[in-house]
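Secondary and tertiary structure notes
The primary structure of each chain is shown beneath.
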Amino acid sequence: MIGDKKVLFSGMQATGNLTLGNYLGALKNWISLSDEYECFYSVVDMHSITVRQNPAELRKRARALLTLYIAAGLDPKKNCIYYQSHVSGHAELAWILNCFTYMGELNRMTQFKDKSAKHADNINAGLFTYPVLMAADILLYQADVVPVGIDQMQHLELTRDVAQRFNHIYGNVFTVPEAYIGKVGAKIMSLQEPAKKMSKSDENPNASIYLMDEPDVIMRKCKRAVTDSEAQILYRKEQPGVKNLIDIYSACTGKTPDEVVKEFDGRGYGDFKVAVGEAVVSVLKPLQDEVERLNQDKAYIDGIIKENAEKANYYAMKTLRKVQKKVGFPERVR
Ligand code: TRP
């Protein structure tokens, strides 16, 4: 708890461009969370270097991601949006937690298996202990809840196990975090294979709408979206492509799927796709303009970065000092 609020922590990688699915399914729904939770959103650049990065590119993407979160409406005075690498406590706690995590546990992590298969030429120790750094992120802020996708669930389970193990030995040091199950946003599927989730790592550029796509690119992708030969706009699982477009239109306009079906009764797919494209542009264009405006205001963003790193550091150090004392490190002479 911080004050009378529970703590929410989430980390995001600055690799790959965020998609409309990330925005409508997650980000957009996080804006009101700061009323209820003390929220920390960390751009996890230390996690990113577990695979080889171009330094200039990583720096650029990390800043773009941080700016995008602010542009999307996360108030940086109410939400602590910061770079992981600016708070040394993450690395320090990760080391300690490494000594409380078993090789066997890390060996079972499916993401490690997947990533080591994908990057067979660079199976480094950081890739192996990635989940421990993630546990440190979460436990450092005594987070109560963590909004994670299904792919990160195993890492959250490990975090809970490590926290409980530590608490069992040293008393109640860590809050044991839970997955945040809140209002879920729309689940947006690929425009090309509507059985698959829209993904930032999809190899087909027409499958995903990226948040920074130009309006004409958005229109083109919507027009090319895969539908079917039923020639009717109905919201049902037998027409996954059309259903996905209805979901997108609905999330962008605030109308219910039923209302959308009524609105387009008797119209063709061509018309509908244009309307979907326009609805997406009407949501993304203001977001892009705000990113543009923030990019012009370097001093403002720099100030936010500094302030929020200090805030994060304050809470991180509180936990870290406690943990260091518990494990037997000598007290600092002031
Ligand atoms: N591993 C997460 C991902 O790839 C990112 C992440 C790092 C994270 N630390 C975290 C997510 C802490 C939640 C909490 O998506």
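Residues numbered from 1 in each chain as written. Predicted model: local features only at pLDDT ≥ 70, side-chain atom pairs only at ≥ 80, totals over all residues. Heavy atoms only, no water.

1. Some details on the overall build of the protein
Helices and strands together make up the secondary structure of the protein, namely 13 helices and five strands. Taking all 334 residues of the protein together, 49% fall into the buried category. Sequence separation of 24 or more characterises 74% of the internal contacts of the protein that already satisfy a separation of 6 or more. Of the roughly 16,800 Å² that the protein leaves accessible, carbon and sulfur atoms contribute 52%. (Helix = DSSP H or I, 4+ residues; strand = E, 2+ residues; numbered from the N terminus. Buried < 20%, exposed > 50% of the residue type's maximum accessible area, 1.4 Å probe, protein only. Contact = heavy atoms within 4.5 Å. Areas by Shrake-Rupley, 256 points an atom, 1.4 Å probe, with all protein chains shown as cover.)

2. What about the site of the ligand?
Every residue near the ligand is listed here: Phe-9, Gly-11, Gln-13, Val-44, His-47, Tyr-130, Met-134, Asp-137, Ile-138, Val-146, Val-148 and Gln-152. Tyr-130 is positioned with one of its side-chain polar atoms (N or O) 2.7 Å from a nitrogen atom of the ligand. Interatomic distance of 2.9 Å between a side-chain N/O atom of Gln-152 and a nitrogen atom of the ligand. Listed by contribution, the elements that provide at least two residues to the shell around the ligand are β1 (6-12) and α7 (125-140). Among the elements that line the shell around the ligand, the one with the most residues is α7, at four residues. Among the residues forming the shell around the ligand, the class breakdown is seven nonpolar, four polar and one charged. (Near = heavy atom within 4 Å. Polar contact = N/O pair within 3.5 Å; in protein donor to acceptor, adjacent residues only side chain to side chain. Nonpolar A, V, L, I, M, F, W, Y, C, P; charged D, E, K, R; others polar.)

3. Description of the pairing of β1
The buried fraction of β1 amounts to five of the seven residues, a majority that puts the element mostly inside the structure. Inspection of the sheet shows β1 paired to strand β2 (residues 37-43) by seven bridges, in the parallel sense. Looking across to β2, one finds that Met-12 is bridged to Val-43. Crossover handedness for the path β1 to helix α1 (residues 20-30) to β2: right-handed. (Pairing = 2+ DSSP bridges. Right-handed = clockwise from strand over helix to strand, strands pointing away.)

4. Side note on the packing of aromatic side chains
Aromatic rings in a pair are described by how distant their centres are and how their planes are angled relative to each other. Tallied over the entire structure, the rule returns 17 aromatic pairs. On the numbers, 5.9 Å between centres and 75° between planes, the contact of Phe-100 with Tyr-170 is edge-to-face. Highlighted residues: Phe-100 in the loop between α4 (89-98) and α5 (103-107) and Tyr-170 in helix α8 (residues 153-170), separated in sequence by 70 residues. Note on Phe-100: relative accessible area 14%, which makes it buried. (Phe/Tyr/Trp six-rings, centres within 6.5 Å; stacked < 30°, edge-to-face > 60°.)

5. Some thoughts on unusual backbone geometry
Trans peptide bonds make up most of the peptide bonds, and negative phi angles are found at most residues other than glycine. Although it is not a glycine, Gln-142 adopts a positive phi angle of roughly 50°. Among the secondary structure elements, Gln-142 is positioned in the loop between α7 and β4 (145-146). Positive phi, close to 55°, is recorded for Ala-231, a residue that is not glycine. Locating Ala-231 in the fold gives a position in the loop between α9 (215-223) and α10 (240-253).

6. A closer look at the nonpolar core
Core analysis: the largest hydrophobic core is formed by 62 residues, its most contacted members being Tyr-41, Tyr-69, Ile-248, Phe-272, Val-280 and Leu-284. Counting residues in hydrophobic clusters, the runner-up holds 41 residues, among them Ile-2, Phe-40, Cys-80 and Phe-128. (Core = buried A, V, L, I, M, F, W, Y, C linked by side-chain atoms within 4.5 Å.)

7. Remarks on empty space enclosed by the protein
Under the criterion given, the structure shown has one cavity of 30 Å³ or more. Taken as a whole, the largest cavity holds about 40 Å³ of empty space. The class makeup of the residues in the lining of the largest cavity is five nonpolar, two polar and one charged. (1 Å grid on protein atoms, 1.4 Å probe; cavity = no way out; pocket = protein on both sides within 12 Å on 5 of 7 lines; lining within 4 Å. Points joined across faces, edges and corners; volume = space filled by probe spheres on them.)

8. Remarks on the pairing of β2
It is a general feature of regular strands that their side chains alternate between the two faces of the sheet. Counting buried residues in β2 gives seven out of seven residues, a clear majority hidden from the surface. Here β2 shows two buried faces, one formed by Tyr-37, Cys-39, Tyr-41 and Val-43 and the other by Glu-38, Phe-40 and Ser-42. The pairing of β2 with strand β3 (residues 79-83) spans five bridges and is classified as parallel. Bridge pairing in β3 links Tyr-41 to Ile-81.

9. Thoughts on the side chain of Asn-29
On the secondary structure map, Asn-29 appears in helix α1. Residues in contact with Asn-29, not counting those within four places in the same chain, are Leu-24, Lys-183 and Gly-185.

10. Some points on a positive patch on the surface
A contiguous patch of positive charge, built from Lys-318, Lys-322, Lys-325 and Lys-326, is present on the exposed surface. Tracing the backbone through its elements, the reader meets Lys-326 in helix α13 (residues 298-327). (Patch = residues over 30% accessible without salt bridge, like charges linked within 9 Å, V, L, I, M, F, W, Y side chains within 5 Å. Salt bridge = Lys/Arg side-chain N within 4 Å of Asp/Glu carboxyl O. Lys, Arg positive; Asp, Glu negative; His and termini not counted. Charge placed at Lys NZ, Arg CZ, Asp CG, Glu CD.)

11. Side note on the pattern of salt bridges
Applying the stated criterion across every chain, the model contains 18 salt bridges. In this structure, Asp-302 engages Arg-63 in a salt bridge whose closest nitrogen and oxygen atoms are separated by 2.7 Å. Linking Asp-302 in helix α13 with Arg-63 in helix α3 (residues 55-71), this pair joins segments that are 239 residues apart in sequence. On the basis of relative accessibility, which here comes to 28%, the residue Asp-302 falls in the partly exposed class. Between Lys-196 and Asp-202 there is a salt bridge, and its shortest N-O distance comes to 3.5 Å.

12. Focus on the side chain of Ser-34
Note that Ser-34 resides in the loop between α1 and β2. Residues within four places of Ser-34 in sequence aside, it is in contact with Lys-5, Cys-39, Lys-78 and Asn-79.

Keep in mind these numbers describe shape, not what the thing actually does.
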